[in-house]
Amino acid sequence: MLVRMTTNADAPAPPEGKPPRRRAPAGAAVLREDVTEAIRAAVFEELAAVGYARMSIEGIARRAGVGKTAVYRRWRSKLHLVLDLVSAVAVQGLPAPDTGSLEGDLRLLYEVTSRALRHPVAGQIIPDLQAEAARNPEIADAMQKALREGQQGVASGIVASAAARGEVREGIDLELALDLMSGPLYWRAVVVRGPKLPKGYLASLARATAAALKAL
């Protein structure tokens, strides 16, 4: 009968002359979550520092303080690593605001999104991945999925709450609503990448977007 043994895939090798610790039976290697999170954090740092084209598994492992094998046990290549992270962002999405009004929900959404988009690391990573997406269909598909799923889930929640309060009509066009809610701030923060937002800009944007949604 075949007996399968588990291994701690991230455990260091035992010192010379000392026998390895006994392993508990299980079906697969154990990947430590703290190591996985360290690698993920290192990927963002490496992307911000050198960009996707120059990013390497060696550089990621060095930043994470692990060996290259720890990275390869989790992802086959840097492409799969980045695609996994982009997809994870889509799943996590943004917190759904619940302020009691459409304009208040939009204002909170814009404040959270603006801080995220204007973070120095995001400001370097997003344009770089956009450039790579133009050359790599897999990255393009992953980014489109991340942007749409992350924003669409929050937008649907905001619109549904507004409809329940009678602020917008039932059956509103969700695709158009998403464009109205996400487009202006994304354009300003990611495409134009202008200086600091003018005072009162987010409040004005929330007010104007709420009015537009109510007119749909």
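Residues numbered from 1 in each chain as written. Predicted model: local features only at pLDDT ≥ 70, side-chain atom pairs only at ≥ 80, totals over all residues. Heavy atoms only, no water.

J.: What is the right way to look at the overall build of the protein in this model?
T.: Regarding its fold elements, the protein presents nine helices and zero strands. Written out in order from the N terminus, the α and β elements of the protein read α-α-α-α-α-α-α-α-α. In the protein, which comprises 216 residues, the proportion classed as buried is 35%. The long-range fraction of contacts in the protein, counting pairs at least 24 apart against all pairs at least 6 apart in sequence, stands at 61%. When the accessible surface of the protein is summed, it comes to about 12,800 Å², and 57% of that surface belongs to carbon and sulfur atoms. (Helix = DSSP H or I, 4+ residues; strand = E, 2+ residues; numbered from the N terminus. Buried < 20%, exposed > 50% of the residue type's maximum accessible area, 1.4 Å probe, protein only. Contact = heavy atoms within 4.5 Å. Areas by Shrake-Rupley, 256 points an atom, 1.4 Å probe, with all protein chains shown as cover.)

J.: Which parts of the structure should I look at to understand the packing of aromatic side chains?
T.: What characterises a pair of aromatic rings is the spacing of the ring centres plus the angle enclosed by the ring planes. Scanning all chains against the criterion turns up zero aromatic pairs. Over the ring of tyrosine 201 we find arginine 188; its NZ or CZ atom is 4.8 Å from the centre of that ring. (Phe/Tyr/Trp six-rings, centres within 6.5 Å; stacked < 30°, edge-to-face > 60°. Lys NZ or Arg CZ within 6 Å of the ring centre and 35° of its normal.)

J.: Would you mind showing me how to read the environment of leucine 85 here?
T.: By the secondary structure assignment, leucine 85 is in helix H4 (residues 78-92). Each residue touching leucine 85, except ones within four places of it in the same chain, is listed here: Arg40, Val43 and Phe44.

J.: Would you explain helix H5 (residues 102-117) in this entry?
T.: Every α-helix carries 3.6 residues per turn, so stepping three or four residues along brings you back to the same face. An ideal rise of 1.5 Å per residue puts 22 Å on 16 residues; H5 measures up with 22 Å between its terminal C-alpha atoms. Listed as buried for H5 are Leu102, Asp105, Leu106, Leu109, Tyr110, Thr113, Ser114 and Leu117. What you see down the axis of H5 is that its buried residues fit within an arc of 155 degrees, all on one side. (Expected span 1.5 Å × (residues − 1). Arc of directions from axis to C-beta.)

J.: Could you clarify how one ought to interpret the pattern of salt bridges in this entry?
T.: As a working rule, side chains carrying opposite charge can pair if their charged atoms are close by. Evaluation of the coordinates by the stated rule reveals eight salt bridges. Across the pair glutamate 33 and arginine 40 runs a salt bridge whose closest N-O atoms are separated by 3.9 Å. On the accessibility criterion, arginine 40 (23% relative accessible area) is partly exposed. Each member of the salt-bridge network shares a partner with another, and the members are Glu33, Glu37 and Arg40. (Salt bridge = Lys/Arg side-chain N within 4 Å of Asp/Glu carboxyl O.)

J.: Would you explain the nonpolar core in this entry?
T.: Grouped burial of nonpolar side chains is what soluble globular proteins tend to show. With 26 residues, the main nonpolar core has Ile39, Val43, Ile60 and Leu81 as its most contacted residues. Among the elements that make up this core, the one with the highest residue count is helix H1 (residues 33-54) (seven residues). Residues contacting leucine 81, with those up to four places away along its chain left out, are Ile39, Val43, Ile57, Ile60, Val71 and Trp75. Counting 23 residues, the second largest nonpolar core, distinct from the first, contains Tyr110, Val154, Leu202 and Ala210. (Core = buried A, V, L, I, M, F, W, Y, C linked by side-chain atoms within 4.5 Å.)

J.: I'm lost on the environment of threonine 99 in this one. Help?
T.: With respect to the element layout, threonine 99 can be found in the loop between H4 and H5. Judged by its relative accessible area of 43%, threonine 99 falls in the partly exposed class. Spatially, the C-alpha atom of threonine 99 lies 10.0 Å from that of isoleucine 158, the residues being 59 residues apart in sequence. Those residues in contact with threonine 99, other than ones at most four positions away along the chain, are Gly104, Asp105 and Leu108. Side-chain polar atoms of threonine 99 contact the backbone oxygen of serine 101, separated by 3.3 Å. (Polar contact = N/O pair within 3.5 Å; in protein donor to acceptor, adjacent residues only side chain to side chain.)

J.: Explain the packing of H1 against helix H2 (residues 57-64) here, please?
T.: In a packed pair of helices, the relevant descriptors are the angle between the two axes and the axis-to-axis distance. Running from N to C, H1 and H2 point in directions that differ by 120 degrees, and their axes come no closer than 8 Å. One way to sum up the angle between H1 and H2 is to call them oblique. The handedness of the crossing between H1 and H2 comes out as right-handed. Across from Ala38, Ile39, Ala42, Val43, Glu45, Glu46 and Ala49 in H1, the residues of H2 making contact are Gly59, Ile60, Arg63 and Ala64. Along the lines of polarity and charge, the residues of the contact of H1 with H2 split into seven nonpolar, one polar and three charged. (Axes fitted to C-alpha atoms, helices over the stretch in contact; angles between N-to-C directions. Parallel < 35°, antiparallel > 145°, perpendicular 65-115°, else oblique. Left-handed = near helix turned anticlockwise from the far one by under 90°. Nonpolar A, V, L, I, M, F, W, Y, C, P; charged D, E, K, R; others polar.)

J.: Please explain a nonpolar patch on the surface as it appears in this structure.
T.: Together, Trp187, Val191 and Val192 give the surface a local cluster of nonpolar side chains, amounting to about 300 Å² of exposed area. Among the structural elements, valine 191 can be located in helix H8 (residues 174-192). In this structure valine 191 comes out as partly exposed when scored by relative accessible area, which is 44%. (Patch = residues over 30% accessible without salt bridge, like charges linked within 9 Å, V, L, I, M, F, W, Y side chains within 5 Å.)

J.: Any chance you could explain the packing of H5 against helix H9 (residues 201-215) here in plain terms?
T.: At their nearest, the axes of H5 and H9 sit 8 Å apart, and the two run at 130 degrees to each other. Judged on the interaxial angle alone, H9 and H5 are oblique. The interaxial crossing formed by H5 with H9 has right-handed handedness. Packed against H5, whose contacting residues are Leu102, Glu103, Leu106, Arg107, Tyr110, Glu111 and Ser114, the element H9 presents Leu202, Ala203, Leu205, Ala206, Arg207, Thr209, Ala210, Leu213 and Lys214 at the interface. The residue makeup of the contact of H5 with H9, split by class, is nine nonpolar, two polar and five charged.

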